[in-house]
Amino acid sequence: MRHAKPSTIYLKDYRAPDYLVDNTHLHFELKPKATLVKSRLKIRRNPAAGEGLPPLFLDGVDLILLSIAIDGALLSPEHYEKMPQGILVSVDKPEFFLDIQTCINPEDNTTLEGLYLSNGMYCTQCEAEGFRRITFYPDRPDIMSKFTTTIVAPKEYPVLLSNGNEISRGPCEGDHHYVTWEDPFSKPAYLFALVAGNLQYLEDCFITASGRKVKLQLFTEEKNINKGDHALRSLKNAMRWDEAVYGREYDLDIFMIVAVDHFNMGAMENKGLNIFNSACVLASPETATDATFQRIESIVGHEYFHNWSGNRVTCRDWFQLSLKEGFTVFRDAEFSADMNSRAVKRIEDVSLLRTNQFAEDAGPMAHPVRPDSYMEISNFYTLTVYEKGAEVVRMIHTLLGPRGFRKGSDLYFERHDGCAVTCEDFVRAMEDASQIDLVQFRRWYSQAGTPQLTVTDYFDETLGTYVLTVRQSCPPTPGQREKRPFHIPLKLGLLDKNGNELVLDGQGTTQCVLEITEAEQSFEFTELSEKPLPSLLRDFSAPVKIDYPYSIDQLLFLMSNDSDTFNRWDASQRLAFLALSDLQQAYRTGGVLQLQPELIAAYRSVLLNRDLEPALVAELLQLPSEQSIAEASVHIDAEAIVAAREFALQTLAEALFGEFRAQYTALNVRKSFSLSAKDIAERKLKNTCLLYLCATETADALALAQEQFDTANNMTDKAAALSVLINHAGDKQAIAAIEQFYQCWKEDAQVVELWLGQQSRSSRRGNLSAVEKLIQHPAFDLKNPNRVRAVIGGFAKGNFSQFHRSDGSGFEFLADQVITLDKLNPQIAAQQVIPITRWKRYTGDLARKMKIALKKIMDSGDLSGDLYEVVSKSLN
Ligand code: PHE
Ligand code: ZN
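The chain appears in an unreviewed UniProt entry as Aminopeptidase N from Microbulbifer spongiae. UniProt, in its Sequence similarities (unreviewed entry) section for the chain, records the words "Belongs to the peptidase M1 family." As recorded by UniProt, the Catalytic activity (unreviewed entry) comment attached to the chain reads in full: "Release of an N-terminal amino acid, Xaa-|-Yaa- from a peptide, amide or arylamide. Xaa is preferably Ala, but may be most amino acids including Pro (slow action). When a terminal hydrophobic residue is followed by a prolyl residue, the two may be released as an intact Xaa-Pro dipeptide."

## Focus: the site of ligand 1
Around ligand 1 lies a shell of 13 residues, among which Glu127, Glu269, Glu303, Glu325 and Tyr386 are the nearest. At 2.7 Å from an oxygen atom of ligand 1 is found a side-chain nitrogen or oxygen belonging to Tyr386. Relative to its unbound accessible surface of 330 Å², ligand 1 loses 95% to contact with the protein. Elements represented by at least two residues in the shell around ligand 1 include exactly strand E20 (267-268), helix H2 (290-305) and helix H3 (321-339).

## Points about the domain arrangement of the chain
Many authors give the size of an interface as the accessible area that is lost as the parts come together. You can read the domains of the chain as domain 1 (1-198) and domain 2 (746-876). Taken over C-alpha atoms, the centre of domain 1 sits 34 Å from the centre of domain 2. Contacts between domain 1 and domain 2 engage nine residues on the former and 13 residues on the latter. A buried area of about 970 Å², summed over both sides, lies between domain 1 and domain 2, and 51% of it is on carbon and sulfur atoms. In this structure, the connection of domain 1 to domain 2 is made through two residue pairs in polar contact (both at pLDDT 80 or more). Looking at the side of domain 1 that touches domain 2 residue by residue, the classes come out as three nonpolar, three polar and three charged.

## A word on the coordination of the zinc ion (ligand 2)
Each protein donor to the zinc ion (ligand 2) is listed here as His302 (NE2), His306 (NE2), Glu325 (OE) and Glu325 (OE); together their distances run 1.9 to 2.8 Å. Taken together, the six donor atoms coordinating the zinc ion (ligand 2) and their angles of 48 to 160° define a geometry best described as irregular. Positions of the donor residues of the zinc ion (ligand 2) along the chain correspond to the pattern H-x3-H-x18-E. Placement of the pair is His302 in helix H2 and Glu325 in helix H3, with a sequence separation of 23 residues. On the basis of relative accessibility, which here comes to 1%, the residue Glu325 falls in the buried class.

## Overview of the UniProt feature "domain: Peptidase M1 alanyl aminopeptidase Ig-like fold" (unreviewed entry) in the chain
Following the UniProt record, the feature "domain: Peptidase M1 alanyl aminopeptidase Ig-like fold" (unreviewed entry) maps to residues 449-548 here. Secondary structure content for residues 449-548 is 0% helix and 43% strand, and the end C-alpha separation is 20 Å.

## Brief notes about the packing of aromatic side chains
The way to describe two aromatic rings as a pair is by their centre distance and the angle between their planes. Here the structure, examined in full by the defined rule, presents 42 aromatic pairs. Seen from their ring centres, Phe131 and Phe192 are 5.5 Å apart, and the 80° between their planes marks the pair as edge-to-face. Of this pair, Phe131 sits in the loop between strand E11 (121-125) and strand E12 (146-154) while Phe192 sits in the loop between strand E15 (176-182) and strand E16 (194-197); the two residues are 61 residues apart in sequence, bridging distant segments of the chain. Among the residues examined, Phe131 registers a relative accessible area of 0% and is labelled buried. Where Phe795 meets Phe813, the ring centres are 5.7 Å apart and the plane angle is 85°; that geometry is what we call edge-to-face.

## Focus: the sheet that holds strand E5 (residues 64-70)
Backbone-to-backbone hydrogen bonds pair the strands of a sheet. The strands run either parallel or antiparallel. With mixed pairing, eight strands are arranged side by side in an open sheet as E6-E5-E9-E3-E2-E12-E15-E14. With partners counted over all chains shown, the strands left at the sheet margins are strand E6 (73-74) and strand E14 (165-172), one partner each. In this sheet, E6 lies alongside E5 in antiparallel orientation, the contact comprising two bridges. In the sheet register, Ile70 faces E6, and the bridge partner there is Ala73.

## Details of helix H26 (residues 844-858)
In this model, H26 (15 residues) spans 21 Å end to end at C-alpha, consistent with the 21 Å of a helix rising 1.5 Å per residue. Leu846, Ala847, Lys849, Met850, Ala853, Leu854 and Ile857 are the residues of H26 that are buried. End-on, the buried residues of H26 take up no more than an arc of 170°, which puts them together on one face. Close packing links the buried residues of H26 with helix H13 (638-655), helix H23 (809-824), helix H25 (834-837) and helix H27 (865-875).

## Focus on the pairing of strand E2 (residues 19-29)
Both E2 and strand E3 (residues 35-45) contribute to a ladder of 10 bridges, which runs antiparallel. Counterpart to Val21 in the pairing with E3 is Ile43. Linking E2 back to E3 in an antiparallel pair, the connection comprises five residues. Bridge analysis of E2 against E12 gives seven bridges, and the strand direction is parallel. Looking across to E12, one finds that His27 is bridged to Thr150.

## A look at the packing of helix H17 (residues 715-728) against helix H19 (residues 749-760)
As a packed pair, H17 and H19 sit with axes 10 Å apart at the nearest point and diverge in direction by 30°. Relative to H19, the element H17 is oriented roughly parallel. Handedness of the crossing formed by H17 with H19: right-handed. Of the residues in H19, those in contact with Met715, Ala719, Leu722, Ser723 and Ile726 of H17 are Val751, Leu754, Trp755, Gln758 and Gln759.

How each quantity is defined
- Residues numbered from 1 in each chain as written.
- Chains lettered and ligands numbered in written order.
- Predicted model: local features only at pLDDT ≥ 70, side-chain atom pairs only at ≥ 80, totals over all residues.
- Heavy atoms only, no water.
- UniProt positions renumbered as here; feature names shortened; annotations may be inferred.
- Near = heavy atom within 4 Å.
- Polar contact = N/O pair within 3.5 Å; in protein donor to acceptor, adjacent residues only side chain to side chain.
- Areas by Shrake-Rupley, 256 points an atom, 1.4 Å probe, with all protein chains shown as cover.
- Helix = DSSP H or I, 4+ residues; strand = E, 2+ residues; numbered from the N terminus.
- Domains from an automatic or database assignment.
- Contact = heavy atoms within 4.5 Å.
- Buried area = accessible area lost by both parts, 1.4 Å probe.
- Nonpolar A, V, L, I, M, F, W, Y, C, P; charged D, E, K, R; others polar.
- Donors = N, O, S within 2.8 Å, 3.2 Å for Na, K, Ca; no water.
- Tetrahedral: all angles 85-135°; square planar, octahedral: opposite > 155°, others 65-115°.
- Buried < 20%, exposed > 50% of the residue type's maximum accessible area, 1.4 Å probe, protein only.
- Phe/Tyr/Trp six-rings, centres within 6.5 Å; stacked < 30°, edge-to-face > 60°.
- Pairing = 2+ DSSP bridges.
- Expected span 1.5 Å × (residues − 1).
- Arc of directions from axis to C-beta.
- Axes fitted to C-alpha atoms, helices over the stretch in contact; angles between N-to-C directions.
- Parallel < 35°, antiparallel > 145°, perpendicular 65-115°, else oblique.
- Left-handed = near helix turned anticlockwise from the far one by under 90°.

If you want it as structure tokens, here you go:
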């Protein structure tokens, strides 16, 4: 199944399917190495696809074909043609039943697509193109069918699940039994799911707005059954929220969630039967950090919201992926914002976007939110499709306002319920419902790259007018040299010298949204008595880079006076970026490294300000990560970045030791655990203080960390302490903590993954050798994506300083791992290789060494299509 050169698929080549599948009956006889799959498809010629009876193409990968029959008559080989990726069947009538029997091997399936075994439990993953690994089928999302599924298995697998409602069950011959499920909603094959295992479940129920009772079940292995409460609670909150905010009710009588240890992604929205990566659903205070609890809430919400934005209304083809993902990420982000701190959620999301999506937009795999070509669709489950896609939906929300947007989403769901549609259909519904013109706005779907805004201003004292001039441009991306201007909502306010908001019109408005549509545009504000300070791109109203020549004093002023919380944080980041760039410059030229006293003073006043919420204080104190400094640089000088950041951290830690110490002590009070926004914020602030304190590597500070490590009553505090010990304690103390932690938690998969990840991310010099040892540790398993992400991803994506060591050893290590991984799980191999594909942005020697590592992969023999696409595009 390996092909050196997969072909490219183009959006412009989309054609409606020749045949439709009205009904799909599936019958599984589960056996680890030889599962028998019988399917009966009710097929009919698609009236919208033209004349005649062309042959019918069925996708199929890694399948053994046992038999194929039309209307009960077995087909002999001359009636169908075997192709590398499926079969082509001759057809002589417009409507017929197609019966197919195939045999598959779940036990040896390490790709984790199709049907596979995870710790003895059968599980499927069909998005995007996994169903073709189960049986021959027209595996494309615009074919929607009603599924009925019978599962036959030995009784050691008491739980047999599929989509929809259970309609019958009973014993079979031997010690087998069966269950039959029927899903009343038409769906594409990518939403099919099957689970079989010896599982326990938690049960709850939800009464919908219209009074229907829905049974909620969460299935896990027995040992994890105490870790499901948070997910069920999150699910009920999500169901309530979607009714309140979007008017969307759940539509089946039962909703199931299953936790599985081996999973390529976070979770999957299969109709009525969501399957989750264990790491994204299981949690208890003793084992999960606050970040994990919040991630679970957002992913549970995300998968649930897909029931409407994805399942009831689905995608016509995979180029439209952002139709469901961008919209659903926007929905889950708003859900999380409503459940927790809105400002913190926004800050976290924007950090992720700027650090990682901007890097994607500037790299060799850059693509529009709606890509126009791909080799492997699984390479396009990207931050661009998900997070930038969500920002595009958020901009529509900003342009239409909340009421216009809700009218638009109502119209979208009403118009397209039960259909497979396009991003264009979504935008048109928004336009039709609001009468707002989005013609130019559509370029956000077709043009890749991060737009850059440059803002200058001018104040005319005699007239009292203030003019803002905005220029926009967008750098070239692969296949797109020239970009046309985007339609950009620029939210802003103006501050007077006392920090008050200026009124912008006759109605007392103090904030407005400028609509930028030209390459250069000016906006005039009149009747002002002094030159204002602009607070630009409030709440990050568009996914752009924005440049305005702020002075340090102006940034300090915004940091303490802006009414927009997001921009207060953003001012703190801009300040830090300015300082870090000076430090890098000094480092490169052999000058003296120095942090401006104003910056230290600003951090001090943040720490001492009792009026600020702890959540905001914690955010304001974060120095930009090395990765985000790298992303903001034109040429990435890894060594200078590491040196500059390290110096800034040390200097702040030493200068403000007393303040950090006092804040830490004030917050370090013993209390029972709660997940309230306040407690989460206080833990975050406390642990930020601990990190600064321990950066000094003084015995006093490390004793605090050890004390916290020994006595913490929750994983957030415990893990934070472990992390600073690993990074800053002496060898003996660090090793003891690592060992003690492992002995305590080695039976808990999620905690072990956290433990692996922290060691991989350690910035200790020469940490690569520790990572090489971890690869040999019994807890490591190349077949388990979570372990791979923890150790290999933790190192390559989360350990900037050690991965970018000047000898290139980090890159070579990654290349070797990726080569081995590709034979087992191509999707994960292609995900992990990304850090070295951005070699062009690095200075001199590092760029060269990354490229050598890439070539080594390219020359290593047959690559999967997934890995080939990423590596070849980055070598271009
Ligand atoms: N559709 C899933 C989600 O976003 C992600 C996913 C893609 C999972 C492909 C598995 C495979 O919720
Ligand atoms: Zn999704």
